[in-house]
Amino acid sequence: MRTHHQVIDLNKDGVVSWDDFEVLIARFTELGHLSPKEINKFTDALRHVWEEEWGASGDPYVFIGQEQFLAQMEHVVNTKSLRKRVASPLPYFFSAVDRDGSGEISIEEFKVFYSCLGLSEQAAEESFASIDLNKDGKLSKKEFIKLGRNFFLSEKEHKPGKLFWGPLV
Ligand SMILES: [Ca+2]
Ligand SMILES: [Ca+2]
């Protein structure tokens, strides 16, 4: 979870603010595969993440540190209605990086996902190898969403999905 805080702190100032989310939206939007409608839904889903999962609760100028995020995520994991919606922007991340529209994410497309998160190609290769369970070199939308959610919902370090959002710190 600390890893996730570090990754989402895109401008690397040690705290996460809505600015970081705006950078994220811009990077995935600029890939050019989301329709204007999808961009709106993607932004709404991220706003929900920011307000409910990060605990900003509607204050656009708040800064969330690592400890606050950890405490808030514990609350999310233990709250049924919030648990259900964890990582709701995942389908839009998927569509944004599925460049050939094949409905599957290849290793090359996964590298695009990582590059938008500010992570290296090498990290993308290592994570992909560990989350592509049947080793067919592809992630379906269902797998992608499941793995991305598992990162938040499962406590076990060795569970698939633990490397989904980048190498653990
Ligand atoms: Ca930041
Ligand atoms: Ca694809």
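Please refer to the structure higher up on the page.
Chains are numbered independently. Their residues run from 1 in the order of the written sequence. Each chain gets a letter, beginning with A, and each ligand a number, beginning with 1, in the order they are written. Totals for whole chains, interfaces and linings use every residue, but because this is a predicted model, local features are given only for residues with pLDDT of at least 70 and side-chain atom pairs only at 80 or more, for both listing and counting. Hydrogens are left out, water is left out, and the side-chain values use all remaining heavy atoms of the structure.

*Asks:* Even after reading the chapter, I still don't get the coordination of the calcium ion (ligand 1), so can you show me in this structure?
*Replies:* In an ideal tetrahedron of four donors about a metal, each angle is 109.5 degrees. In an ideal octahedron of six donors, the angles are 90 or 180 degrees. Shown as donors are all N, O and S atoms within 2.8 Å of a metal ion, widened to 3.2 Å for Na, K and Ca; because water is not in the atom set, sites may appear incomplete. Looking at the metal site, the calcium ion (ligand 1) is ligated by Asp 9 (OD), Asn 11 (OD1), Asp 13 (OD), Val 15 (O), Asp 20 (OD) and Asp 20 (OD), spaced 2.2 to 2.8 Å from it. Between 85 and 135 degrees for all angles marks four donors as tetrahedral; over 155 degrees for opposite donors together with 65 to 115 for all other angles marks four donors as square planar and six as octahedral; every other arrangement is irregular. Bound by six donor atoms, the calcium ion (ligand 1) shows angles of 50 to 155° at the metal and therefore irregular coordination geometry. Each donor residue of the calcium ion (ligand 1) lies on one chain, and together they are spaced D-x1-N-x1-D-x1-V-x4-D. For Asn 11, a relative accessible area of 41% translates into the label partly exposed. Burial status follows relative accessibility: with a 1.4 Å probe on protein chains alone, a residue under 20% of its type maximum counts as buried, one over 50% as exposed, and anything between as partly exposed.

*Asks:* Can you help me understand helix α7 (residues 107-116) in this one?
*Replies:* An α-helical segment advances 3.6 residues per turn. Residues three or four places apart therefore align on the same side. Think of it this way: any DSSP run of H or I at least four residues long counts as a helix, any run of E at least two long counts as a strand, and we number them from the N terminus. Across the ten residues of α7, seven count as buried, placing the element largely inside the fold. Among all positions in α7, only Glu 109, Phe 110, Lys 111, Val 112, Phe 113, Tyr 114 and Cys 116 are buried. For α7, the secondary structure elements touched by its buried residues are α2 (18-30), α6 (90-97), β1 (104-106), α8 (121-131), β2 (138-140) and α9 (141-153). Phi turns positive, to about 80°, at Gly 118, one or two residues after α7. Here a residue-residue contact requires only that any non-hydrogen atoms of the pair lie within 4.5 Å.

*Asks:* For this particular structure, what's the right way to read the nonpolar core?
*Replies:* Within soluble globular proteins, side chains that are nonpolar tend to cluster in buried spots. Only buried Ala, Val, Leu, Ile, Met, Phe, Trp, Tyr and Cys residues count toward a nonpolar core, and they belong to the same one when joined by side-chain atoms within 4.5 Å. Phe 28, Phe 93, Phe 110, Phe 113 and Phe 144 are the most contacted members of the largest nonpolar core, which totals 51 residues. Counting residues per element, the ones that place at least two in this core are α1 (2-8), α2, α3 (36-53), α4 (66-77), α6, α7, α8 and α9. If one sorts the elements of this core by residue count, α6 sits on top with six residues. Leave out the neighbours within four places in its chain, and Phe 93 touches Leu 24, Phe 28, Phe 42, Leu 46, Phe 113, Phe 144 and Trp 165.

*Asks:* Any chance you could explain the pattern of salt bridges here in plain terms?
*Replies:* When the charged atoms of two side chains with opposite charge come close together, those side chains can pair. The term salt bridge refers to a pairing of a side-chain nitrogen on Lys or Arg with a carboxyl oxygen on Asp or Glu at a separation within 4 Å. Counted under the stated rule, the structure contains five salt bridges. A salt bridge links Glu 108 to Lys 111; the shortest N-O distance between them is 3.5 Å. Of this pair, Glu 108 and Lys 111 are both found in helix α7, three residues apart, which corresponds to roughly one turn of the helix. The residue Lys 111 makes a salt bridge to Glu 121 at a minimum N-O spacing of 3.9 Å. Of the two residues, Lys 111 is situated in helix α7 and Glu 121 in helix α8; the sequence distance between them amounts to ten residues. In the salt-bridge network here, residues are joined through shared partners; they are Glu 108, Lys 111, Glu 121 and Glu 125.

Take it as geometry only, folks, not as evidence of what the structure does.
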